[in-house]
Amino acid sequence: SLRDLLPGVPVGVLDRDEVRRKGGLSSILTAFERGETRILVGTQMLAKGHHFPEVSLTAVLAADSYLSFPDFRAVEKTYAQLVQLAGRAGRGERPGRVVVQTYHPDHYAIRAALAHDDEGFAREELRFRRAFHYPPYSRMIQVLLRDRQRERALRWMAGLAGRLEAAR
């Protein structure tokens, strides 16, 4: 564990369970800001909206976990998360350093995030989306239809699909 590797270094944890406790979020962040905890381990909640000038190192574990999600926006989400997390380090006088654990170090989203290459990421992502006819090169909708009777739901869905196709 981290505590075994760095004995005597106070570690804080920021995750959903800790945040749910009364005063959890503010007490964890205040302790970190004051230096009462020197290492803060957390979920993606750490990526957003926090400013700690003394942070000089951020580490991202399983940085590519979203890449395999069945969502055409998964790569964009991975890129945004990495950029946000990388931005947590080096806000003060000391330069920042980012360590990323990944099984796909050559993936364009990871390489672009670490190089702060927004244009390069956008170029590759748009090329991918054009090839697979994803937005912004097409329009997509998601329809969820529920009914207690499966056959009736299938009839409704077939009718809706026909109307959508006709309106194209």
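Predicted model only: the values in this text are computed from it and were never measured. (Residues numbered from 1 in each chain as written. Predicted model: local features only at pLDDT ≥ 70, side-chain atom pairs only at ≥ 80, totals over all residues. Heavy atoms only, no water.)

Here's the deal with the pairing of strand 3 (residues 57-60)
Taking every second residue as pointing to the same face, the buried face of strand 3 carries Thr58 and Val60, while none of Leu57 and Ala59 on the other face is buried. Across four bridges, the pairing between strand 3 and strand 4 (residues 97-100) is parallel. Bridging from a neighbouring strand, Ala59 pairs with Val99 of strand 4. (Buried < 20%, exposed > 50% of the residue type's maximum accessible area, 1.4 Å probe, protein only. Helix = DSSP H or I, 4+ residues; strand = E, 2+ residues; numbered from the N terminus. Pairing = 2+ DSSP bridges.)

Comments concerning a nonpolar patch on the surface
Together, Ile141, Val143, Leu145, Trp156, Met157 and Leu164 give the surface a local cluster of nonpolar side chains, amounting to about 570 Å² of exposed area. With respect to the element layout, Leu164 can be found in helix 7 (residues 150-167). With a relative accessible area of 41%, Leu164 lands in the partly exposed category. (Patch = residues over 30% accessible without salt bridge, like charges linked within 9 Å, V, L, I, M, F, W, Y side chains within 5 Å. Areas by Shrake-Rupley, 256 points an atom, 1.4 Å probe, with all protein chains shown as cover. Salt bridge = Lys/Arg side-chain N within 4 Å of Asp/Glu carboxyl O.)

Things to note about the pattern of salt bridges
Applying the stated criterion across every chain, the model contains eight salt bridges. As a salt-bridge pair, Glu36 and Arg34 come within 3.7 Å of each other at their nearest N and O atoms. Residue classification places Glu36 among the partly exposed residues on the basis of a relative accessible area of 45%. It is possible to trace a salt-bridge network through shared partners that takes in Asp71, Arg73 and Lys77.

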